[in-house]
Amino acid sequence: MRLPYKSLAGKFTICTSLVLLVTIAFFAYINIEALRGVFLDEAKDDVETLSEIILHTTHLQMLEDNRDIVYKMMDDVGKHKKIGLIRLLDDKGTIRYSTHANEIGRFVDQPTDDCLSCHCEAIAETFPPMESRRRVIKDCSGAEILSVTKQINNQPVCSTAACHVHPPDVQVLGALEVQASLHNVGIQADTYRKNVLAFAASLLLIIIGCLVWLTHDLVVQPVHSLLLHSRKVAKMELDDHVVLNSADEIGALAREFNEMTDRLRQAQGEYRQLTETLEAKVEERTAEIAQMNSQLVRSEKLASLGKLVAGIAHEINNPLAGILMFATLFAEDRSLPPELREDAQIIMRETQRCAEIVKRLLEFSRNSIPRKKLKSLPVIMNNTMALLEHQAALNEIEILRSYDPDLPDILVDPNQIEQVFVNMVVNACQAMPNGGRLSVAMHADYDQHFLVTIIEDNGHGIAKENLPKIFDPFFTTKDQPDAGMTGTGLGLSVSYGIIQNHGGRIGVVSEVGSGTTFTVELPLVTSAALPAKDYPGNLYALG
Ligand code: ADP
């Protein structure tokens, strides 16, 4: 648990309470003292009034020197419970009469006055002017007593009276001193002090209670909510809001906090989105690099293979020509037994097959520079179809053509492009031994600047594991001579080289059992004045 003096509310409450305590105590003290003064003044006035009444009522008796009556009156008044002592002093300070008989005849202003205290007599603490002596003195028990002394002045009637004439030059004849107990004043002041202290303590408690309640409700609680919220924000938990509806500064702070949280959440969302986009872009670029890499490897492989093949093919061509010539001679020589002539025919057929392979190898290796002219691609495709239509019809293959109208002529080597189309159409037909549908479509992609040819069949398709290999030289799945299916595996690699030399690209999508789609994209170069190398690269794509 947190110690109260360490919390904000604790510090605030303790400081404010201390200030309040000092202030209220100070005011209570001043108040009590002031009221005590008022009580004391009232008592002094009362005693003084009493002294004057005694002097007035005894004046006549004094003139006539009726001392017994005067003393009797003083005794009667002195019996009142509030009156402690009444005495008459002459001008020398001799106590001429006192309601305390034992002090009659003594001097009040002699040093022996000290002795009076030991005999339970009052001692003057102060000596105010004779005109009006008002003193607070203490008796031997320490109780406060109010002493008021009234001067008795000489008057003309006194100096002329027959009884005891006072000389006219004497001013003061004596004094009357009345002492009254201040016990009641003390009780009243005590009661008042207790009431004021009780009131001050209650007021202090109420104010402290209000302070604690207000600081808790207006400061501690809202600050606690803000603290909890800021901890959540630090942990990036940004879905919550601080709920504070006050219109004061803390309410404004809470609203700022909520706005800041919203902005942070928005920024976090954008950051996440950016990261995801970046990841997707990195993946895309990685795939592109991998593709370009494989294309590069393939190109290098093809180039070195081409050189090798060109050498071998050239060397084999001459012996093959000799074999074919002698086999033909043997096959046509009627002097030979028929079995031997049949064997010679087999040699002829196989040699022709070898010669065909060598021819394709040379085509593959030649990497000849295309002789480009502005030609219509639909026309080239139609020429290709014209060669193959008959065979396709025999195999019950339906051919569908769809060319966008107004396709522009583009810069191509028509012989080489026809060779590409023948390879693809023948492959498609071979993939549909039991008939099917072959669709050929062409359109222009003006955004990418390509003329796109799509050759689609619904044949047996290409197995997933073979798809990356079909453009490799000598890769073939057609090795069933019994079924009349033999392939060299050079058709697509030659086609690939041709399209590459045209600055185009080939794509393929295939699914086993559903069919295959080849896409050939050739640059939309519509002017012979422009050199081919200025056109888009020969990206090769496998779908
Ligand atoms: P070849 O036709 O002599 O085998 P290609 O290079 O033309 O050589 O073709 C390579 C391989 O690609 C073929 O053996 C065949 O497996 C596959 N292929 C090409 N076109 C298709 C197609 N339309 N449908 C199914 N497989 C095809």
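Residues numbered from 1 in each chain as written. Predicted model: local features only at pLDDT ≥ 70, side-chain atom pairs only at ≥ 80, totals over all residues. Heavy atoms only, no water.

Explain the overall build of the protein to me, please; I cannot follow it from the model alone.
A tally of regular secondary structure across the protein gives 10 helices and 14 strands. Considering the protein as a whole, with its 543 residues, one finds that 34% of them fall into the buried category. (Helix = DSSP H or I, 4+ residues; strand = E, 2+ residues; numbered from the N terminus. Buried < 20%, exposed > 50% of the residue type's maximum accessible area, 1.4 Å probe, protein only.)

Can you help me understand the packing of helix α1 (residues 8-63) against helix α2 (residues 67-78) in this one?
Angle between the axes and distance between the axes: these two values describe a pair of packed helices. At a minimum axis separation of 9 Å, α1 and α2 run at an interaxial angle of 160°. Our classification of the angle between α1 and α2 gives roughly antiparallel. Along this stretch, α1 crosses α2, giving a crossing that reads as right-handed. Taking contact as the criterion, the partners of L50, I54, T57, T58, Q61 and M62 in α1 are, on α2, I69, V70, M73, M74 and V77. In terms of residue class, the contact of α1 with α2 is built from 8 nonpolar, 3 polar and no charged. (Axes fitted to C-alpha atoms, helices over the stretch in contact; angles between N-to-C directions. Parallel < 35°, antiparallel > 145°, perpendicular 65-115°, else oblique. Left-handed = near helix turned anticlockwise from the far one by under 90°. Contact = heavy atoms within 4.5 Å. Nonpolar A, V, L, I, M, F, W, Y, C, P; charged D, E, K, R; others polar.)

Can you walk me through the nonpolar core in this structure?
Here is a general trend for soluble globular proteins: nonpolar side chains tend to be buried in one another's company. Membership of the largest hydrophobic core comes to 46 residues, with the highest contact counts inside it found for L377, I417 and L438. A total of 7 residues in this core trace back to one element, the largest contributor, which is helix α9 (residues 414-430). In this structure, L40, A43, L182 and V185 belong to the second largest nonpolar core, which totals 23 residues. (Core = buried A, V, L, I, M, F, W, Y, C linked by side-chain atoms within 4.5 Å.)

Looking at this structure, I do not really get the site of the ligand. What am I missing?
Around the ligand there are 20 residues in total, and N427, T476, T477, K478 and L492 lie nearest to it. Interatomic distance of 2.9 Å between a side-chain N/O atom of N427 and an oxygen atom of the ligand. Within the backbone of T488, one N or O atom sits 3.0 Å away from an oxygen atom of the ligand. Out of a free accessible area of 530 Å², the ligand has 94% covered by protein chains. Of the pockets mapped on this structure, the ligand occupies the largest pocket. (Near = heavy atom within 4 Å. Polar contact = N/O pair within 3.5 Å; in protein donor to acceptor, adjacent residues only side chain to side chain. Areas by Shrake-Rupley, 256 points an atom, 1.4 Å probe, with all protein chains shown as cover. 1 Å grid on protein atoms, 1.4 Å probe; cavity = no way out; pocket = protein on both sides within 12 Å on 5 of 7 lines; lining within 4 Å. Sits in = over half its atoms within 2 Å of the grid points.)

Teacher, can you tell me more about the confidence of the model for the protein here?
Fine structural detail should not be taken from predicted coordinates in areas where pLDDT scores are low. Model confidence for the protein is summarised by a mean pLDDT of 83, while 87% of its residues fall at 70 or above. Counted against residues more than four places away or in other chains, residues 531-543, with its pLDDT under 50, gives 37 contacts. (pLDDT = per-residue confidence, 0-100.)

Even after reading the chapter, I still don't get helix α10 (residues 491-501), so can you show me in this structure?
Structural remark: α-helix, 3.6 residues per turn; residues separated by three or four positions point the same way. α10 sits mainly inside the fold: 10 of its 11 residues count as buried. Positioned one or two residues after α10, G503 has a phi angle of 75°, which is positive.

Sorry if this is basic, but what is going on with α1 here?
For α1, which comprises 56 residues, the first-to-last C-alpha distance of 82 Å matches the rise-based estimate of 82 Å (1.5 Å per residue) to within 8%. The largest bend in α1 is about 35°, located at T57. Looking one or two residues beyond α1, the residue adopting positive phi is D65, at roughly 60°. (Expected span 1.5 Å × (residues − 1). Bend = angle between axes of the 7 residues up to and from the residue.)

Is there a simple way to explain the layout of surface pockets in this structure?
To locate leftover empty space, one rolls a probe as large as a water molecule over the atoms. There is about 1,100 Å³ of room inside the largest pocket. What lines the largest pocket is a set of 44 residues, among which V426, N427, Q430, T476 and K478 lie closest to the centre. Listing elements by their share of the lining of the largest pocket, those giving two or more residues are α7 (338-366), α8 (377-394), α9, β12 (485-486), α10 and β14 (515-523). Of all the elements, α9 adds the most residues to the lining of the largest pocket, at 8 residues. (Points joined across faces, edges and corners; volume = space filled by probe spheres on them.)

Before we go on, may I ask you to explain unusual backbone geometry in this structure?
Excluding glycine, residues mostly carry a negative phi; peptide bonds, for their part, are mostly trans. Positioned with a positive phi, M236 is a non-glycine residue whose angle comes to about 60°. Looking at where M236 falls in the secondary structure, it is placed in the loop between α5 (183-234) and α6 (249-332). Positioned with a positive phi, D406 is a non-glycine residue whose angle comes to about 60°. Mapped onto the elements of the fold, D406 is located in the loop between β7 (397-403) and β8 (410-412).

How should the packing of α1 against α5 be read in this particular structure?
Between α1 and α5, the least distance of the axes is 9 Å, while the angle of their chain directions is 160°. By the angle class used here, α1 and α5 are roughly antiparallel. The two elements α1 and α5 cross, and the hand of that crossing is right-handed. Taken together, the residues of the contact of α1 with α5 break down into 25 nonpolar, 6 polar and 2 charged.

Could you clarify how one ought to interpret the sheet that holds strand β13 (residues 505-511) in this entry?
Remark on secondary structure: sheet strands pair via backbone hydrogen bonds, oriented parallel or antiparallel. Taking strand neighbours across the sheet as the criterion, the 5 strands line up as β7-β9-β10-β14-β13 in an open arrangement whose pairing is mixed. For this open sheet the edge positions go to β7 and β13, each flanked by a neighbour on one side alone. Taking each pair of neighbouring strands and ignoring which way they run, the sheet shows an average axis angle of 10°. In this sheet, β14 lies alongside strand β10 (residues 450-457) in antiparallel orientation, the contact comprising 8 bridges. Note that in β14 the partner of D457 across the bridge is T516. Helix-sheet contacts for α8 involve β7, β9 (436-445), β10 and β14, and the interaxial angle to β7 is about 170°. (Pairing = 2+ DSSP bridges.)

What is the right way to look at the pattern of salt bridges in this model?
When their charged atoms lie close together, side chains carrying opposite charge are able to pair. In total, this model carries 17 salt bridges according to the counting rule given. A salt bridge links D76 to K72; the shortest N-O distance between them is 3.2 Å. Taken together, the residues span about one helical turn, with D76 and K72 both in helix α2 at a distance of 4 residues. Exposure remark for K72: the relative accessible area of 48% places this residue in the partly exposed category. The partner of D240 in a salt bridge is K232, with the nearest N and O atoms 2.5 Å apart. In this structure, a network of salt bridges that share partners links the residues R87, E103, R135 and E177. (Salt bridge = Lys/Arg side-chain N within 4 Å of Asp/Glu carboxyl O.)

What am I meant to see in the side chain of H502 here?
By secondary structure assignment, the location of H502 is in the loop between α10 and β13. Judged by relative accessible area, which is 4%, H502 ranks as buried. There is a polar contact of 2.9 Å between the side chain of H502 and the backbone nitrogen of D413. A distance of 2.9 Å separates a polar side-chain atom of H502 from the backbone oxygen of I498. Discounting chain neighbours no more than four positions away, the residues touching H502 are P370, K372, L411, V412, D413, Q416, I417, L522 and P523.

Quick question: what am I supposed to make of the packing of aromatic side chains here?
For any pair of aromatic rings, geometry is given as the distance between the ring centres together with the angle between the planes. Per the counting criterion, the structure on display carries 3 aromatic pairs. Ring geometry for F26 against F27: centres 5.7 Å apart, planes inclined by 70°, an arrangement best described as edge-to-face. Judged by relative accessible area, which is 53%, F27 ranks as exposed. Their ring planes at 10° and their centres at 4.0 Å tell us that Y71 and Y97 sit as a pair that is stacked. Note that Y71 is positioned in helix α2 and Y97 in strand β2 (residues 95-98), a separation of 26 residues in sequence. The burial state of Y71 is the same as that of Y97; both residues are buried. (Phe/Tyr/Trp six-rings, centres within 6.5 Å; stacked < 30°, edge-to-face > 60°.)

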